[in-house]
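# Summary of the model geometry
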Amino acid sequence: MLGKISWEQEQIILKKLASLPKNNEYNVVHLGAGYPRFDPFLIGDDPHHHLKFCRWSREIHLAQCEKFPDGRDGYFRTLVRKINVKYSDLYSKIISDEIEKWSSVLRSEEDLSNPDGRTSQLTGKQEFCRLNVLDIDLPDESVDYLIAVGLFSKYVSIVWKNLPKALSESRRVLKKNGTLILTLHSDYFEEFSETASRQSFDLEILDDSPDEVSEVDRGGNRMLLSCKRKRPPSD
């Protein structure tokens, strides 16, 4: 799921989500997420470094919450920010029935008590869907975070050959302060950064570590990049 990524890079993304300002609602889209290939309750590390849907869903669920004392030396979790997530892969072979089945195990729209102990709120919705990165079926400026792990790669030729279009569509659906977070092999960085700059993105390298998750031992680094929409001078 979601291509391949190191544990350290996972944590960088999760910390960004958990540090979003409170009392707001956010929309996150995973482009090229793939489909569940592993037992959702599998224990231990995945040697292929795929993120597990259920674990990732739980971590995003926790990023929405804070512990609140219950007055009996315990605590309960209360909602402080709502994060809606779409997991998308246009070419996934998963069928509609399987999408519904997997959606049912995600930590989606759970009822959490408010600190007053009398009212409650639902956590964000998490769901599977199909979106084409070259023609994203979402409204303009509707997404806070786009996450693409392993999607921007020469191994995904339809995306790489149409990189300007993919980045243009990403920029279109991102909110004015929205961010595209992606993994990228260091071999591709120069070409990607030049194209991203032409598409009005500001790049930041969040992590640049030896690539230990490739199928083949080609060396180099696997980078985690943040691409923020450049603001027009008038903003």
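Here, the structure is the one placed above.
Residues numbered from 1 in each chain as written. Predicted model: local features only at pLDDT ≥ 70, side-chain atom pairs only at ≥ 80, totals over all residues. Heavy atoms only, no water.

## Observations regarding unusual backbone geometry
With a phi close to 50°, E141 is a non-glycine residue in the positive phi region. Along the polypeptide, E141 turns up in the loop between β7 (126-129) and β8 (143-148). The phi angle at S200 is positive, at roughly 65°, despite the residue not being glycine. On the secondary structure map, S200 appears in the loop between α6 (189-198) and β10 (201-210). (Helix = DSSP H or I, 4+ residues; strand = E, 2+ residues; numbered from the N terminus.)

## Overview of the packing of helix α5 (residues 163-173) against α6
Orientation of α5 relative to α6, taken along the N-to-C sense of each, is 50°, at an axis distance of 10 Å. On the basis of their axis angle, the class for α5 and α6 is oblique. Relative to α6, the crossing made by α5 is right-handed. The residues of α6 that touch α5, namely those facing L163, P164 and L167, are F192, T195 and A196. Each residue belonging to the contact of α5 with α6 can be placed in one class, and the counts come to 5 nonpolar, 1 polar and no charged. (Axes fitted to C-alpha atoms, helices over the stretch in contact; angles between N-to-C directions. Parallel < 35°, antiparallel > 145°, perpendicular 65-115°, else oblique. Left-handed = near helix turned anticlockwise from the far one by under 90°. Contact = heavy atoms within 4.5 Å. Nonpolar A, V, L, I, M, F, W, Y, C, P; charged D, E, K, R; others polar.)

In short, the description is geometric, and any link to function would need to be established separately.
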